[in-house]
Amino acid sequence: MGADGAVSVGGVDLRALAAQHGTPAYVLDEADFRTRARGFRTAFEHAFAPLGVGVDVYYAGKAFLSVAVARWAHEEGLRIDTATGGELAVALRAGVPGVDIGLHGNNKSDAEIERALAAGVGRVVIDSLAEVDRVADAAARAGTRAPVMVRVTTGVHAGGHEYISTAHEDQKFGLSVTGGQALAALRAVLGRPELELLGIHSHIGSQILDPSGFEVAARRVMELRAELGALTGHLVPEVDLGGGFGIAYVPGDVPLDPDRVAKDMAGTVAEACAALGTAPPRISIEPGRAIVGPTTVTLYTVGTVKPVTVLASGGPSGDLVTGDAGDAAADRPGEDLVRTYVSVDGGMSDNLRPALYGAAYTAAVVSRAAHERTVPARVVGKHCESGDVVVRDVELPDDVATGDLLAVPATGAYGRSMASNYNHVPRPPVVAVRDGVARVIVRRETEDDLLALDLG
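**A short note on the side chain of Thr298**
Looking at the secondary structure, you find Thr298 in strand β13 (residues 296–310). A relative accessible area of 1% means that Thr298 is categorised as buried. Within the local environment of Thr298, its side chain forms a polar contact with the side chain of Thr411, the two groups lying 2.7 Å apart. Sequence-distant contacts of Thr298, that is, excluding residues within four places in its chain, are made with Ala25, Tyr26, Asp350, Leu406, Ala407, Val408 and Thr411.

Structure (structure tokens):
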């Protein structure tokens, strides 16, 4: 931050960037992205080297994927994990070789499977018993042998919200270890000569800040691997331990450290394999949010600033104050609360996570020096929804005003990738910054783009 209160990212003054590219805009620090990608690769390679096994780091493209980002990740030694045919198309457009791409998905279409096999992807992650035959039949038609992994659910509950906890039994992903479906699918793969069983895949959730879940899941996967080996004589050569490494969104959050997680995972794998009498497998992981999330800020322009009084005991008509308003008033018993609603020129169309998950963010004025005195504020969007909240609770300067630039950090994951055109609002651009230079890597949508799809 400069003496005048202005903030720069990647050597670019955010005021100049807003003047040139407009707001809202996602501002992505390329050097930070590359550093984080490289950090995961080196941390896991070093941690597993004493076990004598290699490590593959797949960048989880669902967090945010563009041609430039896929290229950066691959240049830093990462492979690309895709969840749909569209993500696969982006990775291929970026020049990533098929062998360095994986295809996920709980409901892959025949066209997606066929395209993946035609591209020579390094692995297709099978997510159901029915998919075993579908992938095998597609491989037979293509005259190839498909490399596959089987995704299993270990029963480990982890993640910041029910919707992003993916290894419990009652959800759509994977095949249950405890229910026996995982073992059945693995054996079914071995029964199809069109398939090459690479290994077992486990992903336990997202935004995980407690690393213990990874260790429990790793142990259960190693046990399943050993059980399959004992029954069939086939000890799968690879295990994927997934992603979901948590990041800091608000003050007080402590992100997972890649070095610590890598060492803990390596220790768990070594201990489990020693106890089971099996050689350690090649390991892969899939960080997405942990690489791209902290690299990006969303830049907005402030519009309407509206103080709203929350009465301590009830509204003007005698309505009971409940929920957030009631909680806020309860913090000041006997006092009314004045919350400042700060409206920005984006909202739930560029960051759905607060509305979808109740995700927490923070915000700051980045265009000028602001008063040290602060007020309780809520940053809201321009959409026709009362749930259109960007930051639910934040202290902002008491002089926050129309025209200020407001930055919301840590929006690189699932901001642009979940963005919509709700209320026919065009999606913002992604502007990459590095060494004082800004360049658009995903352009801003226009009204012409929206109308081009409307055939009348």
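**A short note on helix α5 (residues 110–119)**
Along an α-helix, residues three or four positions apart point the same way, because every turn accommodates 3.6 residues. Within the sequence span of α5, burial applies to Ile113, Ala116 and Leu117. Projected down its long axis, α5 shows its buried positions confined to an angular sector of 95 degrees, all on one face. In this structure, α5 carries Ala111 and Ala118 as exposed residues pointing more than 90 degrees from its buried face. Contacts made by the buried residues of α5 are with α4 (85–93), β6 (101–103), β7 (123–126), α6 (129–142) and β8 (146–153). Gly120 sits one or two residues past α5 and shows a positive phi near 70 degrees.

**Quick word on the pattern of salt bridges**
Applying the stated rule across the entire model yields 29 salt bridges. Here Asp32 and Arg36 are joined by a salt bridge, their closest N and O atoms 3.0 Å apart. Note that Asp32 and Arg36 are positioned in helix α2 (residues 30–48) at a spacing of four residues, about one turn of the helix. For Arg36, a relative accessible area of 31% puts it in the partly exposed group. With its nearest N and O atoms 2.7 Å apart, the salt bridge here joins Lys108 to Glu131. Here Lys108 is found in the loop between β6 and α5, whereas its partner Glu131 is found in helix α6, with 23 residues between them in sequence. Take Lys108 and Glu131: they sit in the same class, and that class is buried. The structure contains a network of salt bridges with shared partners spanning Glu30, Arg34, Arg38, Glu75, Glu76, Arg434 and Asp435.

**Here we look at the pairing of β8**
Most of β8 sits inside the fold, with eight of its eight residues counted as buried. Judged by which residues are buried, β8 turns out to be covered on both faces: Ala146, Val148, Val150 and Val152 on one side and Pro147, Met149, Arg151 and Thr153 on the other are all buried. Across three bridges, the pairing between β7 and β8 is parallel. Counted as the bridge partner of Ile126 is Val150 from β8.

**Things to note about the packing of aromatic side chains**
Enumeration according to the criterion identifies eight aromatic pairs in this entry. Between Phe44 and Phe48, the aromatic rings sit 6.3 Å apart at their centres with planes inclined by 10 degrees, giving stacked as the arrangement. Separated by four residues within a single helix, Phe44 and Phe48 lie in helix α2, roughly one turn from each other. This pair shows no difference in class: Phe44 is buried, exactly as Phe48 is. Its end group placed over the ring of Tyr58, Arg123 keeps NZ or CZ at 3.9 Å from the ring centre.

**Here we look at unusual backbone geometry**
Note the cis peptide between Thr23 and Pro24, where omega equals -5 degrees. Position of Pro24 relative to the elements: it lies in the loop between α1 (14–21) and β3 (25–29). Despite not being glycine, Gln207 shows a phi value in the positive range, around 55 degrees. As for its position among the elements, Gln207 is in the loop between β10 (195–202) and α8 (212–232).

**Some thoughts on empty space enclosed by the protein**
The tally for this structure, following the rule as stated, stands at one cavity of 30 Å³ or more. Estimated volume of the largest cavity: approximately 50 Å³. Lining the largest cavity, in full, are Tyr26, Leu28, Phe64, Thr296, Thr411, Gly412, Arg416 and Val430. Its residues placed into classes, the lining of the largest cavity shows four nonpolar, three polar and one charged.

**Focus: the packing of helix α7 (residues 181–190) against α8**
Running from N to C, α7 and α8 cross one another at 45 degrees; their axes reach a closest spacing of 11 Å. Overall, the two elements α7 and α8 adopt an arrangement that is oblique. As α7 packs across α8, the resulting crossing turns out to be right-handed. Facing α7, whose interface residues are Ala182, Leu183, Leu186, Arg187 and Leu190, α8 presents Leu224, Glu227, Leu228, Leu231 and Thr232. Broken down by class, the residue content of the contact of α7 with α8 amounts to seven nonpolar, one polar and two charged.

**A closer look at the nonpolar core**
One finds Phe44, Phe48, Tyr59 and Phe245 to be the most contacted residues of the largest nonpolar core, which totals 108 residues. Contact partners of Phe48, with chain neighbours within four places excluded, come to Val53, Val55, Ala262, Met265, Ala266, Val269 and Ile283. Ranked by size, the runner-up nonpolar core spans 14 residues in total, among them Val7, Val12, Val431 and Val433.

**Digging into the confidence of the model for the protein**
In the predicted model, the protein carries a mean pLDDT of 92, and the fraction of residues at 70 or more is 91%. Considering only residues more than four positions removed or in separate chains, one finds that residues 159–168, a stretch of pLDDT under 50, has 37 contacts. Below a pLDDT of 50 lies the segment residues 316–323, which in the model reaches seven contacts outside its immediate sequence neighbourhood of four places, other chains included.

**So, the pairing of strand β20 (residues 437–442)**
Walk down a regular strand and you will see the side chains alternate between the two sheet faces. In the sheet, strand β19 (residues 430–434) pairs with β20 via five bridges, with the strands oriented antiparallel. Paired with Arg434 across the strands is Val437, a residue of β20. Counting the residues that bridge the hairpin from β19 to β20 gives two residues, and of these Asp435 lies at a positive phi of roughly 55 degrees.

**So, the environment of Arg443**
The residue Arg443 is located in the loop between β20 and α13 (447–452) in this model. C-alpha separation for the pair Arg443 and His21, spaced 422 residues apart in sequence, amounts to 9.5 Å. Aside from chain neighbours lying at most four places away, what touches Arg443 is Pro428, Pro429 and Asp449. Among the polar contacts listed, one links the side chain of Arg443 to the side chain of Asp449, at a separation of 2.7 Å.

Rules used throughout
Residues numbered from 1 in each chain as written. Predicted model: local features only at pLDDT ≥ 70, side-chain atom pairs only at ≥ 80, totals over all residues. Heavy atoms only, no water. Helix = DSSP H or I, 4+ residues; strand = E, 2+ residues; numbered from the N terminus. Buried < 20%, exposed > 50% of the residue type's maximum accessible area, 1.4 Å probe, protein only. Polar contact = N/O pair within 3.5 Å; in protein donor to acceptor, adjacent residues only side chain to side chain. Contact = heavy atoms within 4.5 Å. Arc of directions from axis to C-beta. Salt bridge = Lys/Arg side-chain N within 4 Å of Asp/Glu carboxyl O. Pairing = 2+ DSSP bridges. Phe/Tyr/Trp six-rings, centres within 6.5 Å; stacked < 30°, edge-to-face > 60°. Lys NZ or Arg CZ within 6 Å of the ring centre and 35° of its normal. 1 Å grid on protein atoms, 1.4 Å probe; cavity = no way out; pocket = protein on both sides within 12 Å on 5 of 7 lines; lining within 4 Å. Points joined across faces, edges and corners; volume = space filled by probe spheres on them. Nonpolar A, V, L, I, M, F, W, Y, C, P; charged D, E, K, R; others polar. Axes fitted to C-alpha atoms, helices over the stretch in contact; angles between N-to-C directions. Parallel < 35°, antiparallel > 145°, perpendicular 65-115°, else oblique. Left-handed = near helix turned anticlockwise from the far one by under 90°. Core = buried A, V, L, I, M, F, W, Y, C linked by side-chain atoms within 4.5 Å. pLDDT = per-residue confidence, 0-100.

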